[in-house]
Amino acid sequence: MVKFRPLKWFAFILFIVLLLPLLYFLWVPDVSKLKNEKPQKTAFMEYREREFKEKGKPYRVDQVWVSLSTISPYLIKAVLIAEDDKFWSHQGFDYEAIQKAIEKDVKARRFKFGGSTISQQLARNLYLSPVKNPFRKIREAIITWRMERVLPKKRILELYLNVVEWGEGIFGAEAASRHYYGKPSSELTLQEAARLASVLPNPRKYNPAGDQQYVLNRSTLIYDMMIRRGIVVPEYEEITEGAGSPLIEEFKPVF
């Protein structure tokens, strides 16, 4: 018969209790610094640099930091519609989108797990890598949870729009606007904003200034949604030409 040894069990429990804060400290970076600090180089940027170095190719990060107030409201609204329509109301996770993504993965018999919010994408860009596995998703969720409790929503959005990948070596709205349209992000038109937002699911594959059908279709959906919500008022010609054709009732982000 095995004897019950309370001291050993107490020591084991105490060890676990002391270990948990250490694991939390190692797994979760100090996101409170992001309240005032601008991240110099994200984990995602470093991942891309290593990726190109292994191929023996040069890689230059093009990024220009700007405040949220200087970015075109058209681009801000377009990105929210395209990537995270419930950004202002959720606490970091869109459970409905996650459920749909899991159901899709189960049917396809693969582990992809989409449905990421802007907060989750920011956590991944700043601290993790694009490699998809359960452990990364768990860490991503913990960092996202922490970020949502420490940072204001506007700051999360500002960080995201300054670090998100928008092409080969292009990071952030300002660098993307200057690269594709030769102007600051504050001067982007509605159509340009919709096009930039449309490529975010795969910015290295799609060119917002190009004529790829995917970009044309998705940017039109975003544009129509912005008009439907009263973000912009359509021109008279657009109203008369579209008479009898209802606007898109629902826009589902592509993950």
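The numbers attached to residues start from 1 for each chain and follow its sequence in the written order. Only residues with pLDDT of at least 70 are given local features in this predicted model, and only at 80 or more are side-chain atom pairs given and counted; all residues enter the totals for whole chains, interfaces and linings. Water and hydrogen atoms were dropped before computing side-chain values, which therefore reflect all heavy atoms in the structure.

## Points about the packing of helix α8 (residues 173-181) against helix α9 (residues 190-198)
- Running from N to C, α8 and α9 point in directions that differ by 110°, and their axes come no closer than 12 Å. On the basis of their axis angle, the class for α8 and α9 is roughly perpendicular. For the crossing formed where α8 meets α9, the hand is right-handed. Of α9, the residues touching α8 (which contributes A176, Y180 and Y181) are E192, R195 and L196. For every element, the axis is a line fit to its C-alpha atoms; helices are fit only across the contacting stretch, and the angle between N-to-C directions ranges from 0 to 180 degrees. Per the convention used, a helix needs a DSSP run of H or I reaching at least four residues, while a strand needs a run of E reaching at least two, with both numbered from the N terminus. Angle categories: roughly parallel below 35 degrees, roughly antiparallel above 145, roughly perpendicular from 65 to 115, and oblique for all the rest. Helix crossings fall into two classes, left-handed where the near helix is turned counterclockwise from the far one by less than a right angle and right-handed where it is turned clockwise. Any two residues having at least one pair of non-hydrogen atoms within 4.5 Å are treated as being in contact.

## Examining the pattern of salt bridges
- The salt bridge criterion pairs a side-chain nitrogen of Lys or Arg with a carboxyl oxygen of Asp or Glu, the two atoms within 4 Å. Enumeration over the complete set of coordinates arrives at 13 salt bridges.
- Where E158 meets R155, a salt bridge forms, and the shortest distance between an N and an O atom there is 2.5 Å. With a gap of 3 residues between them, E158 and R155 both fall in helix α7 (residues 153-163), about one helical turn apart.

## Observations concerning the side chain of K153
- Tracing the sequence through the fold places K153 in helix α7.
- Here K153 falls in the buried class, since its relative accessible area comes to 17%.
- Among the polar contacts listed, one links the side chain of K153 to the backbone oxygen of F87, at a separation of 2.6 Å.
- Those residues in contact with K153, other than ones at most four positions away along the chain, are F87, W88, H90, G92 and E148. Exposure is judged per residue with a 1.4 Å probe applied to protein chains only, and the accessible area is read against the type maximum: over 50% gives exposed, under 20% gives buried, and values in between give partly exposed. Counting of polar contacts relies on pairs of N or O atoms within 3.5 Å, with two restrictions inside protein: one atom must be capable of donating a hydrogen and the other of accepting it, and residues adjacent in sequence are counted only when both atoms are side-chain atoms.

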